[in-house]
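Structural overview for review
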There are 2 protein chains.
Amino acid sequence: MPLAAEPIGVDQAGEVAIAFKALSDPVRVRLLSLIASHPGGEAYVNNLIAAFDLTGPTISHHLRVLREAGLIGCQRRGTWVYYWVVPTMLERLSEVLSIPAGSRATD
Amino acid sequence: MPLAAEPIGVDQAGEVAIAFKALSDPVRVRLLSLIASHPGGEAYVNNLIAAFDLTGPTISHHLRVLREAGLIGCQRRGTWVYYWVVPTMLERLSEVLSIPAGSRATD
DNA sequence: CGCCTGTGTAGAAGACTGTCAATGTAAGCA
DNA sequence: TGCTTACATTGACAGTCTTCTACACAGGCG
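Residues numbered from 1 in each chain as written. Chains lettered and ligands numbered in written order. Predicted model: local features only at pLDDT ≥ 70, side-chain atom pairs only at ≥ 80, totals over all residues. Heavy atoms only, no water.

Re the packing of aromatic side chains
Counted according to the given criterion, the structure contains five aromatic pairs over all chains. When the centroid spacing of 5.5 Å and the interplanar angle of 10° are considered together, the rings of Phe20(A) and Phe20(B) count as stacked. Taken together, the residues span two chains, with Phe20(A) in helix 1 (residues 10-22) and Phe20(B) in helix 1 (residues 10-22). The class of Phe20(A) is buried, set by a relative accessible area of 0%. Following the ring pairs from residue to residue traces out a cluster consisting of Tyr44(A), Trp80(A) and Tyr82(A). Note that Arg77(A) overlies the ring of Tyr82(A), its terminal NZ or CZ placed 4.6 Å from the centroid. (Phe/Tyr/Trp six-rings, centres within 6.5 Å; stacked < 30°, edge-to-face > 60°. Helix = DSSP H or I, 4+ residues; strand = E, 2+ residues; numbered from the N terminus. Buried < 20%, exposed > 50% of the residue type's maximum accessible area, 1.4 Å probe, protein only. Lys NZ or Arg CZ within 6 Å of the ring centre and 35° of its normal.)

Structure follows, in structure tokens:
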């Protein structure tokens, strides 16, 4: 349900805000984009760490925030840990921000 | 350009993160929804304050954050100040989160 | 002019966040 | 078993955020 269609409920506003908070850091936005745009839809941590001027623990922390927000999933395969995006969550957020047709007013 | 289409640039990630940070608080999500879904697309501050268990200055602060993020605009008309949403900004964020067709992988 | 209402600003307290160094855990290999 | 690599957790520090109280500004009205 788009945010602009009707006043959002308190509970749903809280859930949505948690997801947006996970996206409120440039590093996490880039991480999500790197994972989502990776060939095959997956990426492993070592590649992600190499893309930033940050230490491993910091990237690990950001990945955890994204995971706890339900935006990405992960799985260990042998030594490496693979991450992938959860498309349904992104789509839900995208819909929340969409503008319903015919609801535009003074701009 | 959707976030999942290709790795997002550092600059754009920063801009997008600022907008998402503005949406990372439940109060601001509800404020934006109240303004966007208001008949006529506008709302004035007194009504917004009445919808929360928060003081006027706190609502004023949140409105400023939304305004500085480019998500809403405002104008004084006599004694009252009216707020409205900026649809282009919401649409841009919605597009960033959208999933390009055919890019879904292991879920 | 002076008063009241509506709205924003300033400053401060407390909680939260991003980052790091140090340490811990898990898997592969000799 | 012991060593090495890959990744996560812990604890700490500096900075930021949310919220409040107190105050200031702007506009209408007597």
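Observations concerning the interface of chain B and chain A
Contacts between the two partners involve 42 residues from chain B and, on the opposite side, 42 residues from chain A. Counting each side, the surface lost to burial between chain B and chain A is near 3,500 Å², with a carbon and sulfur contribution of 69%. At the junction of chain B with chain A, the criterion picks out zero salt bridges. Counting across the interface, chain B meets chain A through seven residue pairs in polar contact (both at pLDDT 80 or more). If you list the elements that add at least two residues to the side of chain B that touches chain A, you get helix 1, helix 2 (26-36), strand 3 (80-85) and helix 5 (87-97) of chain B. Its residues placed into classes, the side of chain B that touches chain A shows 24 nonpolar, 10 polar and eight charged. (Contact = heavy atoms within 4.5 Å. Buried area = accessible area lost by both parts, 1.4 Å probe. Salt bridge = Lys/Arg side-chain N within 4 Å of Asp/Glu carboxyl O. Polar contact = N/O pair within 3.5 Å; in protein donor to acceptor, adjacent residues only side chain to side chain. Nonpolar A, V, L, I, M, F, W, Y, C, P; charged D, E, K, R; others polar.)

Digging into the protein's contact with DNA strand D
The immediate surroundings of DNA strand D are formed by 20 residues, with Pro57(A), Tyr83(A), Arg28(B), Thr58(B) and His62(B) found nearest. Within 4 Å of the protein, the atoms of DNA strand D are drawn from sugar and phosphate moieties in a proportion of 84%. A distance of 2.6 Å separates a phosphate oxygen of DNA strand D from a polar side-chain atom of Tyr83(A). His62(B) places a polar side-chain atom, nitrogen or oxygen, 2.3 Å from a phosphate oxygen of DNA strand D. Those elements that provide at least two residues to the surface near DNA strand D are helix 3 (45-50), helix 4 (56-68) and strand 3 (80-85) of chain A together with helix 4 (56-68) of chain B. (Near = heavy atom within 4 Å.)

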